[in-house]
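In case you want the letters, here they are:
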Amino acid sequence: MPVITEIEDLRRIYKRRVPKMFYDYAESGSWTEQTFRENSSDFDKLYFRQRVAVDMDNRSTRSTMIGRDVAMPVALAPVGLTGMQCADGEIKAARAAEKFGVPFTLSTMSICSIEDVAENTTAPFWFQVYTLKDDDFMQRLFDRARAAQCSAIVITVDLQVLGQRHKDLKNGLSAPPKLTPASIANMMTKVRWGLGMLGTKRRFFGNIVGHAEGVEDPSSLSTWTAQAFDPSLDWDRIRQFKKMWGGPLIIKGIIEPEDAIQALNVGADAIIVSNHGGRQLDGALSSVRALPAILDAVGDKIEVHLDSGIRSGQDALKAVAMGAKGTYIGRAFTYGLGAMGEEGVTRALEVIHKEMEISMAFCGHTDINTVDRSILHIPKGFSGDWET
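It should be emphasised that the depicted structure is a prediction, and the values quoted were computed from it without experimental measurement.

The biggest cluster of nonpolar side chains holds 116 residues, and the ones touching the most others in it are L76 and I251. Of the residues forming this core, the biggest block, 13 residues, is contributed by helix 16 (residues 331–362). Residues contacting L76, with those up to four places away along its chain left out, are A93, A97, V102, P103, F104, T105, Y328, I329, F333, V345 and L349. Listed in part, the eleven residues of the second largest apolar core include V70, I250, A270 and Y328.

With that out of the way, let us pick up unusual backbone geometry. Phi at N58 is positive, roughly 55 degrees, even though this residue is not glycine. By the element assignment, N58 lies in the loop between strand 1 (47–48) and strand 2 (63–65).

Quick look at empty space enclosed by the protein now. The full count for this structure, using the stated rule, is one cavity of 30 Å³ or more. Estimates place the volume of the largest cavity at around 60 Å³. What lines the largest cavity is R68, A94, A97, E98, V102, P103, F104, V117, T121, A123, P124 and F125. In terms of residue count, helix 5 (residues 89–100) provides more of the lining of the largest cavity than any other element does, three residues in total. Partitioning the lining of the largest cavity into residue classes produces nine nonpolar, one polar and two charged.

Next up on the list: the sheet that holds strand 7 (residues 152–156). If you trace the eight strands from one edge of the open sheet to the other, you get 4-11-10-9-8-7-6-5, paired in parallel fashion. Looking at the sheet topology across the chains shown, the edges are occupied by strand 4 (74–76) and strand 5 (105–106). Summarising the sheet, strand 9 (residues 270–273) and strand 10 (residues 303–306) pair through four bridges and their orientation is parallel. Bridge pairing in strand 10 places I272 opposite H305. Helix 13 (residues 257–265) rests against strand 8 (249–254) and strand 9 of the sheet, and its axis sits at about 165 degrees to strand 8.

Moving on, we come to the layout of surface pockets. Unfilled space is identified by rolling a water-sized probe across the atoms. In this structure, the largest pocket spans a volume of roughly 1300 Å³. Forming the boundary of the largest pocket are 49 residues, of which Y25, L81, L162, R165 and L173 lie nearest the centre. Within the residue set of the lining of the largest pocket, elements represented by two or more residues are helix 2 (20–26), strand 6 (126–130), helix 8 (166–171), helix 11 (221–228), strand 11 (326–329) and helix 16. Among the elements that take part in the lining of the largest pocket, helix 11 stands out by supplying four residues, more than any other. A per-class count over the lining of the largest pocket returns 24 nonpolar, 17 polar and eight charged.

What counts and how
Residues numbered from 1 in each chain as written. Predicted model: local features only at pLDDT ≥ 70, side-chain atom pairs only at ≥ 80, totals over all residues. Heavy atoms only, no water. Core = buried A, V, L, I, M, F, W, Y, C linked by side-chain atoms within 4.5 Å. Buried < 20%, exposed > 50% of the residue type's maximum accessible area, 1.4 Å probe, protein only. Helix = DSSP H or I, 4+ residues; strand = E, 2+ residues; numbered from the N terminus. Contact = heavy atoms within 4.5 Å. 1 Å grid on protein atoms, 1.4 Å probe; cavity = no way out; pocket = protein on both sides within 12 Å on 5 of 7 lines; lining within 4 Å. Points joined across faces, edges and corners; volume = space filled by probe spheres on them. Nonpolar A, V, L, I, M, F, W, Y, C, P; charged D, E, K, R; others polar. Pairing = 2+ DSSP bridges. Axes fitted to C-alpha atoms, helices over the stretch in contact; angles between N-to-C directions.

If you want it as structure tokens, here you go:
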């Protein structure tokens with residue numbers, strides 16, 4: 001068993017064990033990947049204030065996210081194609097999250113279906129949906145989520161159209177993977193991954209195939225996908241979705257204060273400051289750099305979470321110190337999943353928890369709920385001193 005001391009250890013194993021097209025899917029952004037890189041590198045611009053001669057006993061990272069008790073203010077973000085990173089990946093990730101005591105968010109574009117995850121877990125999970133044109137399909141998605149005891153819906157609002165991701169196009173990304181000489185040669189070197197995929201029946205988009213009109217098999221999926229997303233989305237449409245669902249609502253993809261205010265006005269329970277991991281508008285601000293202006297705009301009227309760029313417990317702690325009530329990890333848990341399955345997700349959570357807890361203590365706090373900006377050195381102009 002390899003010694004895992006940081007998320008980067010998992011990423012290196014993950015790269016060796018998973019086919020290139022799925023590694024590239026996770027480890028890339030759109031266009032030049034500027035925002036993808038800065039989502040992480042901007043955390044490095046925030047420095048901790050070390051305190052000494054303080055009582056470090058009885059440390060606790062326990063908190064809440066939209067009223068749910070969590071072992072630490074970290075949730076597993078919705079990641080599409082997780083079941084292609086590892087056989088039955090969504091089920092394994094959800095199990096690891098449940099055992100650790102943090103929320104798991106299932107993507108609409110998952111390989112395992114809502115029902116698959118519900119049948120294999122006991123804790124309520126969150127379900128992420130895109131803004132699609134088909135009202136009937138959307139209502140059935142919400143109904144299925146309700147039947148599966150999902151405790152919140154996460155609506156992603158920053159994917160009306162798809163940002164170009166060069167690597168995905170060059171790799172011919174699909175589920176199941178396209179069989180080309182290059183992809184076959186690469187997959188033949190990933191024996192552990194291949195044996196896992198041979199041993200599962202879940203290789204297609206479980207929430208779509210057999211549920212969306214006209215999508216009875218993977219061959220008809222690409223046509224449906226090209227026509228399903230709604231480029232005309234507006235805030236009235238989001239109000240309709242809220243009414244269709246009727247339960248706790250989180251809106252993901254907020255990066256500007258004006259949109260945070262709109263999300264507050266439609267009655268969301270929380271917003272996620274996110275630029276889709278740098279996979280949509282390249283050249284946008286990193287999430288952590290955008291966070292302060294959004295908090296200034298909405299104050300404590302709505303719960304504000306942060307996604308994109310977190311690769312360590314120190315990153316998560318910095319986000320909380322900056323004012324986020326919760327954080328999300330996507331790539332960090334995906335590395336663990338691809339590296340070692342459910343155990344790898346658990347290791348990722350353990351690494352992040354230990355880094356958060358120890359760093360918090362070094363900063364003079366033993367309770368995550370008392371952490372604030374006073375533990376950080378924040379450079380002048382970090383949030384931007386823009387002409388417009």
